[in-house]
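Chains, contacts and geometry: an overview
Residues per chain are reported as follows:
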Amino acid sequence: MKINNTMPNKLNWQILGNNNISFDFGDVDSDGKFNENNANLAQDKDVETLDSIYKECLKDEAVNKIVLVGVSRGASTIINYASRHPEKLAAVVLESPFDSIEKIIEYQLNRKYVGWIPGIKHLFHKIIERKYPNYDKNGIRPIDIVKSLPKNLPILFVHSKKDRLIPIKSSIRLYKQLKSTGHNNVYLLKLNDGEHASYQWGTDANNYQTVVHAFYKKHDIEHIEELAQLGERLLEASK
């Protein structure tokens, strides 16, 4: 069973498979936009939402493996949640996670060539805190918690070099943190193309799909054999 905890309409069956549960956080509308006043940005409230869905899945006695698939905020929530070592978690697929809100701010300011201005980072932190009142600057961050993920958990990061919201360096930092702490079943697929939350429609969509299924196959998870065979070489290059 695969649980996709964000962007349910943007991850098609070729990534999720047929046996899946898709949901969004309660503050997200049908267009994928969220209410800033309620958004938790992958912290405790989001983690608890995912936990409630996860525990419902565990009530099904037929479920013996669960894969978590998430995009952006959802991917970061998965990292924070998986650090609890939930029962029957077989693997995670993380598309464009952020390692911390601070790094997103830094990236956006540098993109606009204003990161050098004294005090501007502090100002933007204040803006974020005001815009997202449920966000805690001292709260849980993926970059701090990622090393607590189960050592044998298969983890696949997918990130586009052209993502203009969350930089690929975010996934690189998370990947390196895992590798440095003895996590060996970790992969990072770097896509050359793809807008944030829309990698499935970029020119690298086929590579994304085949590598995910090669990842599933390698770790004994339901997969499409034809896609898995096509992605095996690229998966190994992503180690």
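Shown above is the structure to which this text applies.
Let us look at the structure shown here.

The next point concerns the overall build of the protein. The secondary structure content of the protein amounts to nine helices and six strands. Taking the principal axes of the C-alpha coordinates as reference, the protein spans close to 55 × 40 × 35 Å. Classification of the 239 residues of the protein by burial places 51% in the buried group. Partitioning the intrachain contacts of the protein with sequence separation of at least 6 by distance along the chain shows that 69% fall at a separation of at least 24. For the protein, the accessible surface area stands at approximately 11600 Å², while carbon and sulfur atoms represent 49% of it. Taking the average location of the 33 positive side-chain charges in the protein and that of its 30 negative ones, the two points are 8 Å from each other.

Moving on, we get to the nonpolar core. If you look at the biggest cluster of nonpolar residues, it comprises 29 residues, and the most contacted ones within it are Leu 68, Val 92, Leu 94, Ile 155 and Phe 157. Of all the secondary-structure elements, those providing two or more residues to this core are helix H2 (44–58), strand E3 (66–71), helix H3 (73–82), strand E4 (89–95), strand E5 (155–160), helix H7 (168–180) and strand E6 (186–191). Contacts of Phe 157, omitting those with residues within four sequence positions, involve Ile 79, Leu 94, Pro 97, Ser 171, Leu 174, Tyr 175, Leu 178, Val 186, Tyr 187, Leu 188 and Leu 189. One finds Ile 15, Val 93, Leu 156 and Ile 221 within the second-largest nonpolar core, a separate group that totals 20 residues.

The next point concerns the side chain of His 159. Assignment of secondary structure puts His 159 in strand E5. Separated by 2.7 Å, the side chains of His 159 and Ser 171 make a polar contact. In this structure His 159 touches Ser 96, Pro 97, Ile 166, Pro 167, Ile 168, Ser 171, Leu 189, Lys 190, Leu 191 and Tyr 199, once residues within four positions along its chain are discounted.

With that out of the way, let us pick up the pairing of E5. Most of E5 sits out of view: six of its six residues are buried. Burial along E5 is two-sided: Ile 155, Phe 157 and His 159 facing one way and Leu 156, Val 158 and Ser 160 facing the other are all buried. Where E4 lies against E5, four bridges are found, and the strand directions are parallel. Paired with Glu 95 across the strands is Val 158, a residue of E5. When E5 meets E6, the two strands line up parallel, connected through six bridges. Residue pairing in the sheet places His 159 in a bridge with Lys 190 of E6. Between the parallel elements E5 and E6, the chain passes through H7 in a crossover that is right-handed.

Per the counting criterion, the structure on display carries 15 salt bridges. Among the salt bridges present, the one from Lys 55 reaches Asp 51, with a minimum N-O distance of 3.0 Å. Placement of both Lys 55 and Asp 51 in helix H2 is noted, with a separation of four residues, approximately one turn of the helix. Judged by relative accessible area, Lys 55 falls into the partly exposed class, the value being 49%. Residue Asp 51 is classed as buried on the basis of its relative accessible area of 9%. One salt bridge in this structure joins Lys 65 and Asp 220, with 3.2 Å as the shortest N-O distance. Placement of Lys 65 in the loop between H2 and E3 and of Asp 220 in the loop between helix H8 (205–218) and helix H9 (225–237) is noted, with a sequence separation of 155 residues between them. Residue class for Lys 65 comes out partly exposed when judged on its relative accessible area of 30%. Members of the salt-bridge network, linked through shared partners, are Glu 102, Arg 141 and Asp 144.

The buried count for E3 comes to six of six residues, which makes it a mostly enclosed element. Side chains Ile 66, Leu 68 and Gly 70 of E3 all project onto a buried face; the interleaved residues Val 67, Val 69 and Val 71 project onto the opposite face, where all are buried too. Here six bridges tie E3 to E4, and the two strands are oriented parallel to one another. Across the sheet, residue Leu 68 finds its bridge partner in E4, namely Val 92. For the crossover that starts at E3, traverses H3 and ends in the parallel E4, the hand is right-handed.

Rules of the game
Residues numbered from 1 in each chain as written. Predicted model: local features only at pLDDT ≥ 70, side-chain atom pairs only at ≥ 80, totals over all residues. Heavy atoms only, no water. Helix = DSSP H or I, 4+ residues; strand = E, 2+ residues; numbered from the N terminus. Buried < 20%, exposed > 50% of the residue type's maximum accessible area, 1.4 Å probe, protein only. Contact = heavy atoms within 4.5 Å. Areas by Shrake-Rupley, 256 points an atom, 1.4 Å probe, with all protein chains shown as cover. Lys, Arg positive; Asp, Glu negative; His and termini not counted. Charge placed at Lys NZ, Arg CZ, Asp CG, Glu CD. Core = buried A, V, L, I, M, F, W, Y, C linked by side-chain atoms within 4.5 Å. Polar contact = N/O pair within 3.5 Å; in protein donor to acceptor, adjacent residues only side chain to side chain. Pairing = 2+ DSSP bridges. Right-handed = clockwise from strand over helix to strand, strands pointing away. Salt bridge = Lys/Arg side-chain N within 4 Å of Asp/Glu carboxyl O.

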